[in-house]
2 protein chains.
Amino acid sequence: MDINNVDTSLFMPGLSVDNVIFGFHDNQLKVLLLACKDHKHWMLPGGYILKEESVDAAAERVLLDRTSLKKVYLQEFSVFGDPRRSRESLIKGLMKSMDLDTELHKWFLQRFITVGYYSLVEFEKVTPVPDPLSLSCDWFDIDKLPLLIFDHKTIIHGALTAMRQHLNYQPIGLNLLPAHFPLKSLQSIYETILGRKLDRPNFNRKMLSLGVLTKKEKLYTGAAHKAPFLYSFNKKVYYRLLKEGINEMF
Amino acid sequence: MDINNVDTSLFMPGLSVDNVIFGFHDNQLKVLLLACKDHKHWMLPGGYILKEESVDAAAERVLLDRTSLKKVYLQEFSVFGDPRRSRESLIKGLMKSMDLDTELHKWFLQRFITVGYYSLVEFEKVTPVPDPLSLSCDWFDIDKLPLLIFDHKTIIHGALTAMRQHLNYQPIGLNLLPAHFPLKSLQSIYETILGRKLDRPNFNRKMLSLGVLTKKEKLYTGAAHKAPFLYSFNKKVYYRLLKEGINEMF
DNA sequence: TATTTATTGAGTCAATATGACACAATAATA
DNA sequence: TATTATTGTGTCATATTGACTCAATAAATA
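1. Quick look at the interface of chain A and chain B
Contacts between chain A and chain B engage 29 residues on the former and 29 residues on the latter. Going through the elements one at a time, β1 (11-25), α1 (55-67), β5 (73-80), β6 (113-120) and α5 (183-194) of chain A are the ones with two or more residues in the side of chain A that touches chain B. Examining the composition of the side of chain A that touches chain B, we find that 4 residues originate from one element, β1(A), more than from any other. The residue makeup of the side of chain A that touches chain B, split by class, is 15 nonpolar, 7 polar and 7 charged.

Below you can see the structure in the form of structure tokens.
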């Protein structure tokens with residue numbers, strides 16, 4: 001699909017959504033990024049808001065277009081509204097590489113205020129799809145990010161900070177992990193988001209005490225050590241905890 | 001100031017900020033609202049974003065204009081992006097009462113996506129100032145809200161929910177309480193936000209254990225019972241807790 | 001002036017949770 | 001068969017929580 005066929009008059013001007021899509025693979029938290037056509041920068045999957053579309057729906061559409069996934073955890077976390085955020089000098093080379101007609105050129109030179117979302121998806125279920133603005137779509141380790149356009153590094157950092165806070169009163173892992181998983185995988189997710197190591201026995205005790213995990217008969221196999229039990233989330237309890245919160249101060 | 005003198009071309013189209021300004025008085029959490037010119041509805045203090053102004057700065061400006069206060073706690077908490085949120089039927093009577101010229105009429109008929117902020121201010125320090133769209137500006141008890149326009153009731157509810165979550169990892173009370181206050185006032189704030197009663201001795205123990213309160217020599221006086229000690233916040237500790245979080249899960 | 005009332009400051013105590021460990025069990029590999 | 005890495009389970013001292021008690025006291029009232 002050619003960018004120049006996009007009719008920008010369908011969108012709300014000056015507004016966009018950007019989606020920090022997290023996946024988990026090889027015991028690592030990963031982010032889905034798009035390669036810009038200048039072969040230098042990467043960017044977050046994002047898009048514009050149709051004139052009769054809700055902002056949340058636009059974010060869902062972006063997620064669907066890049067991952068073909070629906071009904072995963074999608075959470076708005078912050079607005080990025082600095083007037084200079086999308087008008088850094090680097091945009092010039094970028095714009096040249098996109099080969100835009102006059103109208104689209106003007107569209108991209110606007111000031112954009114963007115609404116940041118993060119979503120948690122099951123890595124294995126995703127076949128990344130690039131958008132018309134990009135060359136490719138790939139996963140990156142959260143601590144090995146490439147060069148990013150605009151304030152997209154800040155947005156990713158903001159998503160992590162938001163998750164770190166949400167961890168204190170919400171369960172995490174559903175949608176990010178496969179249906180059955182060893183507890184160590186869940187611990188790795190917590191450790192990545194919190195940015196520090198946790199004590200395994202204490203982590204397990206705490207998680208199991210929430211009553212959100214169901215122990216499975218099957219055993220994971222393949223490595224040179226004792227095989228761990230697999231667990232799955234009890235969705236009913238999971239959604240109750242999401243709604244009611246855990247670890248309340250009072 | 002006449003509304004019709006406002007030059008709407010100075011603003012980002014389709015975007016606004018709304019600010020849920022909380023105050024605390026008579027042991028009650030209160031919200032600052034503006035009376036619409038139709039003499040029927042009330043609304044949140046809000047405004048538009050200047051073309052070269054950050055969204056945060058617009059929210060600060062709204063707060064400054066209505067309360068003459070700067071540097072208080074101001075937190076973005078959610079975006080309200082439903083395409084029909086500002087175009088309910090009730091707007092017609094409202095628009096008539098505003099006596100707008102053609103250009104402004106069009107401006108108000110736009111779809112608006114609004115960024116919700118909440119702020120915590122010291123009730124006694126505020127002299128509410130109405131804006132050009134409103135007749136007056138007044139405080140309302142959080143549980144005795146008047147009829148509100150659009151989705152403003154949802155926005156207030158969202159601010160409360162956000163605060164309820166923030167309570168679990170952030171201190172609260174600075175900017176909302178006077179410099180010296182009895183512990184019971186702080187407890188009332190927590191109880192209002194959480195929507196339930198707390199045990200006094202346990203609340204005091206928990207609060208004092210955070211090390212954020214300094215006991216003062218002075219005693220509060222006036223009521224027919226033992227006089228309580230007054231406390232003040234240790235700002236250094238307060239800001240550290242705001243940044244680092246309290247009550248972490250791990 | 002003595003008594004009553006409301007509310008505070010301080011504390012108890014059992015139950016529960018947390019942080020920091022120890023150690024045997026076991027799946028593949030050497 | 002021994003080695004290695006990692007798991008399941010458990011211990012234990014300490015800290016925190018929830019549900020209480022009760023004497024102290026400022027003003028109102030009798």
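2. Considerations on the protein's contact with DNA strand C
Surveying the vicinity of DNA strand C reveals 20 residues, the closest of which are P201(A), K226(A), P201(B), H225(B) and F229(B). Elements with a contribution of two residues or more to the surface near DNA strand C: α6 (200-209) of chain A together with α5 (183-194) and α6 (200-209) of chain B. Top element by residues in the surface near DNA strand C is α6(A). It accounts for 3 residues. Here the residues of the surface near DNA strand C are counted per class, giving 9 nonpolar, 5 polar and 6 charged.

3. Let's talk about the relation of the copies chain A and chain B
Expressed as a screw operation, the relation of chain A to chain B combines 0.0 Å of axial shift with a rotation of 180°, fitting to an RMSD of 0.0 Å. Expressed as a symmetry operation, the mapping of one chain copy onto the other fits a two-fold axis. Mapped onto chain B, 97% of the interface residues of chain A again fall at the interface, so both copies present the same surface.

4. What about the protein's contact with DNA strand D?
Residues in contact with DNA strand D amount to 22 residues; listed here are only the nearest, P201(A), H225(A), F229(A), P201(B) and K226(B). Every element with two or more residues in the surface near DNA strand D is listed here: α5 and α6 of chain A together with α6 of chain B. In terms of residue class, the surface near DNA strand D is built from 10 nonpolar, 6 polar and 6 charged.

5. As for the pairing of strand β11 (residues 229-233) of chain A
All names here are of chain A. Inspection of the sheet shows strand β9 (residues 181-182) paired to β11 by 2 bridges, in the antiparallel sense. The residue of β11 that forms the bridge with F181 is Y231. Both strand β10 (residues 213-219) and β11 contribute to a ladder of 4 bridges, which runs antiparallel. Bridge pairing in β11 places L219 opposite F229.

Thresholds, definitions, all that
- Each chain has its residues counted from 1, following the order in which its sequence is written.
- Think of it this way: whatever chain is written first is A, whatever ligand is written first is 1, and the rest follow in order.
- In keeping with the predicted nature of the model, local features appear solely for residues at pLDDT of at least 70, side-chain atom pairs appear and are counted solely at 80 or more, and the whole-chain, interface and lining totals rest on all residues.
- Think of it this way: build a C-beta for each residue from its backbone, and any pair within 7 Å is a contact.
- Working definition: helices are DSSP H or I runs of at least four residues, strands are E runs of at least two. Numbering for both runs from the N terminus.
- Throughout, the ten residues Ala, Val, Leu, Ile, Met, Phe, Trp, Tyr, Cys and Pro are labelled nonpolar, Asp, Glu, Lys and Arg are labelled charged, and all others, Gly among them, are labelled polar.
- In this text, near has one meaning. A residue is near a molecule or strand if its C-beta atom, placed using the backbone, is within 6 Å of it.
- Copy-to-copy alignment: least squares on C-alpha atoms, limited to residues at pLDDT 70 or above in both.
- The pairing criterion is simple: DSSP has to find at least two bridges between the two strands.

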